[in-house]
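Breakdown of the fold
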Amino acid sequence: MFFSKFFKKDYRQLREKGDSLFAAERYADARLAYLDAKELVHTSAEAQVEREYLANKLSKIGDRLAELNIIEAEAAFRGGEMRKGSDHLELALELADDVAIREKAGNLLAGQQSGAVSISHGHGHGGGHGSHGCASCSSSHGSGSAGMTPDLPDHLHEEEQFHLLVQTLPGNLPLRYEALGEEFAKAYLLAHGDELQAAVAIYQELLQRGESDILLCEIALLEYRLGKNSRCEAFLKRAMDLDGTNPLVHLGLAQFYIDNRRYVECIDLLKEMLERQILHDQALLMLGDTYALSGNVEDAINTYTRGLDMPALKKVSAERLVQILTAQNRRDEAAYLHKTYLKGCC
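The structure displayed is predicted, hence computed values, not measured ones.

On to the overall build of the protein, then. For the protein, the count of helices and strands is 18 helices and zero strands. Taking all 346 residues of the protein together, 50% fall into the buried category. Contacts spanning at least 24 positions in sequence make up 59% of the contacts within the protein whose residues lie at least 6 apart.

The structure is reproduced here in structure tokens:
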């Protein structure tokens, strides 16, 4: 970073680069160029005019990227991937300046959050025992090859499509994914376009050059979608051996256990995630779901009750509790929770 200061371009060059990228609709790259230009423009005598120009361009880019995230969110919701859709909408709200775009993203997010999630038809992580399978959990939490979303606009360059797709990954995973090179990115996009065999072929070739937890995790998700359960589990466990901190590997394995009704193993894994603070909120919700699916209602209630004290989980935890308590004919408790946490919800 220190030496890069000596090689930094004049703000006019950066602005022109941004203009060129903007015209080519490479919005993410254009945004970086404009931000770099903005850092230098204060030294110019025309500072005010330049700042206004750059601010206008950045606003337009923010609106365009927000629109793309809304497209991704709608595609995720159609596939039942509610968490992933919410992540895209939250990112859209951060990026957008346009009131209409912000209102659309806000309305979609509010509508998703107010919708009840039926435990009996899944576990709120992307599809239960349906066609999404192992990949559903990790996709709903911003994972890689799961929950394919071929709805990205065709005019985007592959590099920008890949960049946009990995931005909702947790922690440092976006940087790690982008560091894996062009071939990995190509396979990743093929997987998102439902070209599973072609993606697996590239991943397998890359695997011959060296193992990585990310590569093994992505292969595992595709193997599951191709019906190869045992290979999926083997790849996930090997990925866990290589990097026991990768949150998507943990989520993928937990989802695999749930989909195969191996609830005891799933509960042990989720408790470990909670102890190690690996995606704590999501692990807590999944733990409650797993207890509910296994028929352990009291532990499910206790787990969801813990979620009521957590801002990100209180609404969805209350929804689950209301369902369980209503089923047990504990209607007064269910009514209290609905009034306290779900007021105004459908």
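Below, the discussion takes up the packing of helix α11 (residues 213-225) against helix α13 (residues 247-259). Contact pair α11 / α13: the axes reach a minimum separation of 10 Å and the direction vectors enclose 25 degrees. Here α11 lies roughly parallel to α13, going by the angle between them. The hand of the α11/α13 crossing is left-handed. Contacts between α11 and α13 involve Asp213, Cys217 and Tyr224 from the first element and Leu248, Val249, Phe256 and Asp259 from the second. Its residues assigned to classes, the contact of α11 with α13 comprises five nonpolar, no polar and two charged.

Bringing the side chain of Ser317 into the picture now. In this fold, Ser317 is placed in helix α17 (residues 314-327). Not counting residues up to four positions away in its chain, the partners in contact with Ser317 are Leu285, Tyr304, Gly307 and Leu308.

For the coordinates displayed, the defined rule picks out eight aromatic pairs. Measuring from centroid to centroid gives 6.3 Å for Phe162 and Phe184, while their planes differ by 80 degrees, and the two rings are edge-to-face. With Phe162 in helix α7 (residues 158-166) and Phe184 in helix α9 (residues 182-192), this pair connects stretches of sequence that are 22 residues apart. Grouping residues by exposure puts Phe162 and Phe184 together as buried. Geometrically, the ring pair formed by Tyr224 and Phe256 is edge-to-face, given 5.8 Å between the ring centres and 80 degrees between the ring planes. Placement of the pair is Tyr224 in helix α11 and Phe256 in helix α13, with a sequence separation of 32 residues. The pair Tyr224 / Phe256 is uniform in exposure class, with both members buried. Among the aromatic side chains, those forming a connected cluster through ring pairs are Phe162, Tyr177, Phe184, Tyr188 and Tyr203. The ring of Phe22 has Lys57 lying over it, and the distance from NZ or CZ to the ring centre is 4.2 Å.

Take the nonpolar core next. Membership of the largest hydrophobic core comes to 70 residues, with the highest contact counts inside it found for Phe162, Tyr177, Phe184, Tyr188, Tyr203 and Leu270. Setting aside its immediate chain neighbours within four residues, Phe162 contacts Tyr177, Glu178, Phe184, Ala185, Tyr188 and Leu189. Leu58, Ala73, Leu89 and Ala105 belong to the second largest nonpolar core, which has 25 residues in total.

Pairing between side chains of opposite charge can happen when their charged atoms approach one another. All told, the structure shown has 19 salt bridges when counted by the stated rule. A salt bridge links Glu223 to Lys228, with the nearest nitrogen and oxygen atoms 3.8 Å apart. Put simply, Glu233, Lys237, Arg262 and Glu265 are held in one network by salt bridges that share partners.

Let us now look at the environment of Pro311. For Pro311, the location among the structural elements is in the loop between α16 (297-307) and α17. For the pair Pro311 and Asp281, spaced 30 residues apart in sequence, the C-alpha separation works out to 9.7 Å.

This paragraph deals with the confidence of the model for the protein. When pLDDT is averaged along the protein, the result is 79, and 81% of the positions lie at 70 or above. Per-residue pLDDT stays below 50 along residues 1-8; that stretch engages in two contacts with residues further than four places along the chain or on separate chains. Predicted confidence for residues 115-155 stays below pLDDT 50, and this span has 140 contacts to residues more than four positions away or in other chains.

Quick look at the environment of Pro247 now. Summarising the element assignment, Pro247 is placed in helix α13. For Pro247, a relative accessible area of 13% translates into the label buried. With 76 residues separating them in the primary sequence, Pro247 and Gly171 have C-alpha atoms 8.5 Å apart. Those residues within four positions of Pro247 in sequence are excluded, and the remaining contacts are Pro170, Leu173, Ile278 and Leu279.

Helix α10 (residues 196-209) packs onto α9 with a crossing angle of 155 degrees between their chain directions and a minimal axis gap of 8 Å. Here α9 is positioned roughly antiparallel relative to α10, judged by the angle of their axes. Between α9 and α10 lies a crossing of left-handed hand. When α9 is examined against α10, the residues Glu183, Phe184, Lys186, Ala187, Tyr188, Leu190 and Ala191 are found in contact with a partner set consisting of Leu196, Ala198, Ala199, Ile202, Tyr203, Glu205, Leu206 and Arg209.

Criteria and cut-off values
- Residues numbered from 1 in each chain as written.
- Predicted model: local features only at pLDDT ≥ 70, side-chain atom pairs only at ≥ 80, totals over all residues.
- Heavy atoms only, no water.
- Helix = DSSP H or I, 4+ residues; strand = E, 2+ residues; numbered from the N terminus.
- Buried < 20%, exposed > 50% of the residue type's maximum accessible area, 1.4 Å probe, protein only.
- Contact = heavy atoms within 4.5 Å.
- Axes fitted to C-alpha atoms, helices over the stretch in contact; angles between N-to-C directions.
- Parallel < 35°, antiparallel > 145°, perpendicular 65-115°, else oblique.
- Left-handed = near helix turned anticlockwise from the far one by under 90°.
- Nonpolar A, V, L, I, M, F, W, Y, C, P; charged D, E, K, R; others polar.
- Phe/Tyr/Trp six-rings, centres within 6.5 Å; stacked < 30°, edge-to-face > 60°.
- Lys NZ or Arg CZ within 6 Å of the ring centre and 35° of its normal.
- Core = buried A, V, L, I, M, F, W, Y, C linked by side-chain atoms within 4.5 Å.
- Salt bridge = Lys/Arg side-chain N within 4 Å of Asp/Glu carboxyl O.
- pLDDT = per-residue confidence, 0-100.

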